Amino acid sequence: MSRFVISEARKKDARETIELGDLIIKAGLRHEKRTLLLGLLIDAGRRLRADEAERSRLTTIGAEAFGNAGK
């Protein structure tokens, strides 16, 4: 792989990591322990895979928090 491709992949990964961190902050969870946050995400992932209505409900909440239905 060329250095350019590796560099671009790293930039993309860093940007995604920052964006995910911003979601934690936007949710008001900045000061929670990482173990709690991981537990929340694991539990939510399980619930989303098991229940499409829950996915829809949480998507609506998230869209409202962003201020639009497109995100």
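Residues numbered from 1 in each chain as written. Predicted model: local features only at pLDDT ≥ 70, side-chain atom pairs only at ≥ 80, totals over all residues. Heavy atoms only, no water.

By the naming in an unreviewed UniProt entry, the protein chain goes by Conjugal transfer protein TraD and is assigned to Aminobacter carboxidus.

Caption draft 1: Quick look at a nonpolar patch on the surface. Taken together, the side chains of Leu20, Leu23 and Phe66 present a nonpolar region at the surface, about 270 Å² in accessible area. Looking at the element boundaries, Phe66 is found in helix H3 (residues 52-66). (Patch = residues over 30% accessible without salt bridge, like charges linked within 9 Å, V, L, I, M, F, W, Y side chains within 5 Å. Areas by Shrake-Rupley, 256 points an atom, 1.4 Å probe, with all protein chains shown as cover. Salt bridge = Lys/Arg side-chain N within 4 Å of Asp/Glu carboxyl O. Helix = DSSP H or I, 4+ residues; strand = E, 2+ residues; numbered from the N terminus.)

Caption draft 2: View of the pattern of salt bridges. For the structure on display, the rule yields six salt bridges. Notably, a salt bridge pairs Glu54 with Arg47, separated by 2.6 Å at the nearest N-O pair. What makes Glu54 buried here is its relative accessible area of 12%. The salt bridge involving Glu52 is made with Arg55; its shortest N-O contact spans 3.7 Å. Remark: Arg55 and Glu52 occur in helix H3; sequence separation between them is three residues, near one turn of the helix. The class of Glu52 is exposed, set by a relative accessible area of 56%. Its relative accessible area of 36% is what places Arg55 among the partly exposed residues. (Buried < 20%, exposed > 50% of the residue type's maximum accessible area, 1.4 Å probe, protein only.)

Caption draft 3: How the structure looks around H3. For H3, spanning 15 residues, the distance from its first C-alpha to its last is 21 Å, which sits close to the expected 21 Å at 1.5 Å a residue. The distance from a side-chain oxygen at the start of H3 to the backbone nitrogen of Ala53 is 3.0 Å, and the residue carrying that oxygen is Asp51. One or two residues past the end of H3 sits Gly67, with phi positive at roughly 90°. (Expected span 1.5 Å × (residues − 1). Polar contact = N/O pair within 3.5 Å; in protein donor to acceptor, adjacent residues only side chain to side chain.)

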